[in-house]
Amino acid sequence: MTAAGARARVRAELTREIVESARRQLATEGAAGLSLRAVARELGMASSAVYRYFSSRDELLTALIIDAYDALGAAAEKAESAVPRDDLRGRWRAACVAAREWALAHPHEYALVYGSPVPGYAAPQDTIGPASRVAVLLCRVVSDAAAAGAIDPEPDGAAAAALIEPGVAEGLGLPPGLGPRVVAAWSGLYGAIGFELFGQTHGVVADHARYFDATVERLADLVLLP
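Quick caveat, the model's predicted, so the values are computed rather than measured. (Residues numbered from 1 in each chain as written. Predicted model: local features only at pLDDT ≥ 70, side-chain atom pairs only at ≥ 80, totals over all residues. Heavy atoms only, no water.)

1. Description of the overall build of the protein chain
So, point 1. Per the secondary structure count, the protein chain includes 11 helices and 0 strands.
So, point 2. When the helices and strands of the protein chain are read in sequence order from the N terminus, they spell out α-α-α-α-α-α-α-α-α-α-α.
So, point 3. Projected onto its principal axes, the C-alpha coordinates of the protein chain cover approximately 60 × 45 × 35 Å.
So, point 4. Intrachain contacts of the protein chain at a sequence separation of at least 6 include 69% that bridge at least 24 residues.
So, point 5. A gap of 8 Å separates the mean positions of the 21 positive and 27 negative side-chain charges of the protein chain. (Helix = DSSP H or I, 4+ residues; strand = E, 2+ residues; numbered from the N terminus. Contact = heavy atoms within 4.5 Å. Lys, Arg positive; Asp, Glu negative; His and termini not counted. Charge placed at Lys NZ, Arg CZ, Asp CG, Glu CD.)

Below, the structure is given as structure tokens:
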């Protein structure tokens, strides 16, 4: 290995350790309490050394956010890809269930991306692609159904398309008339996960897994999946 290659390997390893330390901080301090100085103390590094890897708390926070979105998206994509392509409802169900399972296994990371906004932090453009992975996946299932003639591409009439920003549905591969239904289902999915994870349905829902499965089926009905 060349000297440059060795330096790159060391840098990559230290970057990973910094991110892992920051992820542990999320569990104990929350996103608002994330501190580069605390990360440096845990790793036995000088604060100035950490700043050579992440120039600010916000840059480190962005790395954590992108990692969380990508991990959630990868989990949903892996589950969906295992289902036969013509089983449209099965693909939808697999993606939704995988999203819930990931959230329950990584509650602090889920809270980072779908919980309360971090004061003073504005997410950069770099987060948009990773944040869209699950939504794009669900849109693909619906657009496949429309392309196969399995669902009505304009179930609520052409006027429904005006409820969504121009070009958004088309950009996601959807017939415009299906856009409002898919947005409602997408927000319903994260609402169901968030209410369970953050305790709003505790003492109300008797069996969260069964309730979630029923919710996923209703959301599939909403987008008209056969």
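Picking up where we left off.
2. Some remarks on the packing of aromatic side chains
So, point 1. Under the counting rule described, the total for this entry stands at 5 aromatic pairs.
So, point 2. Between Tyr110 and Tyr114, the ring centres sit 5.0 Å apart and the planes meet at 35°, which makes this aromatic pair tilted. Separated by 4 residues within a single helix, Tyr110 and Tyr114 lie in helix H6 (residues 107-114), roughly one turn from each other.
So, point 3. Among the residues examined, Tyr110 registers a relative accessible area of 0% and is labelled buried.
So, point 4. Taken together, the ring pairs in this structure connect Tyr69, Tyr110, Tyr114, Tyr190 and Phe198 into an aromatic cluster. (Phe/Tyr/Trp six-rings, centres within 6.5 Å; stacked < 30°, edge-to-face > 60°. Buried < 20%, exposed > 50% of the residue type's maximum accessible area, 1.4 Å probe, protein only.)

3. Things to note about the UniProt feature "domain: HTH tetR-type" (unreviewed entry) in the protein chain
So, point 1. As annotated by UniProt and renumbered to match this structure, "domain: HTH tetR-type" (unreviewed entry) occupies residues 12-72.
So, point 2. For the annotated span residues 12-72, helix accounts for 75% and strand for 0% of the residues, and the straight-line distance between the end C-alpha atoms is 22 Å. (UniProt positions renumbered as here; feature names shortened; annotations may be inferred.)

4. Some words on the side chain of Arg23
So, point 1. If you trace the backbone, Arg23 turns up in helix H1 (residues 3-29).
So, point 2. Within the structure, the side chain of Arg23 is placed 2.6 Å from the side chain of Glu20, a separation counted as a polar contact.
So, point 3. Polar side-chain contacts of Arg23 include one of 3.5 Å to the side chain of Glu109.
So, point 4. Among residues more than four places away in sequence, those in contact with Arg23 are Leu64, Asp67 and Glu109. (Polar contact = N/O pair within 3.5 Å; in protein donor to acceptor, adjacent residues only side chain to side chain.)

5. A look at the nonpolar core
So, point 1. Judged by nonpolar contacts, the single largest core of 60 residues is most densely connected at Leu60 and Trp92.
So, point 2. With 9 residues, helix H4 (residues 57-81) is the single largest residue contributor to this core.
So, point 3. Aside from chain neighbours lying at most four places away, what touches Trp92 is Leu138, Val141, Val142, Ala185, Val216, Leu219, Ala220, Val223 and Leu225. (Core = buried A, V, L, I, M, F, W, Y, C linked by side-chain atoms within 4.5 Å.)

6. Describing the pattern of salt bridges
So, point 1. Applying the stated criterion across every chain, the model contains 16 salt bridges.
So, point 2. Among the ionic pairs, Glu20 bridges to Arg23, the shortest N-O distance being 2.6 Å. On the criterion of helical spacing, the pair formed by Glu20 and Arg23 is a turn pair, its members being 3 residues apart in helix H1.
So, point 3. Take Glu20: its relative accessible area is 29%, and that puts it in the partly exposed class.
So, point 4. Here Arg24 makes a salt bridge to Glu42, at a shortest N to O gap of 2.4 Å. Taken together, the positions of Arg24 in helix H1 and Glu42 in helix H2 (residues 36-43) put the pair 18 residues apart, joining distant regions of the chain.
So, point 5. Sharing partners across several salt bridges, the network here consists of Glu20, Arg23, Asp67 and Glu109. (Salt bridge = Lys/Arg side-chain N within 4 Å of Asp/Glu carboxyl O.)

7. Focus on H6
So, point 1. Among all positions of H6, only Glu109, Tyr110, Leu112 and Val113 are buried. The buried residues of H6 all sit within an arc of 155° when viewed along its axis, so they share a single face. (Arc of directions from axis to C-beta.)

8. Quick look at helix H10 (residues 179-197)
So, point 1. For H10, which comprises 19 residues, the first-to-last C-alpha distance of 27 Å matches the rise-based estimate of 27 Å (1.5 Å per residue) to within 8%.
So, point 2. Of the residues making up H10, those classed as buried are Gly179, Pro180, Arg181, Val182, Ala185, Leu189, Tyr190, Ala192, Ile193, Gly194, Glu196 and Leu197.
So, point 3. Those residues of H10 that are buried lie in contact with H4, helix H5 (88-105), H6, helix H8 (133-147), helix H9 (168-171) and helix H11 (208-222).
So, point 4. Just downstream of H10, Gly199 is the residue with a positive phi angle, here 85°. (Expected span 1.5 Å × (residues − 1).)

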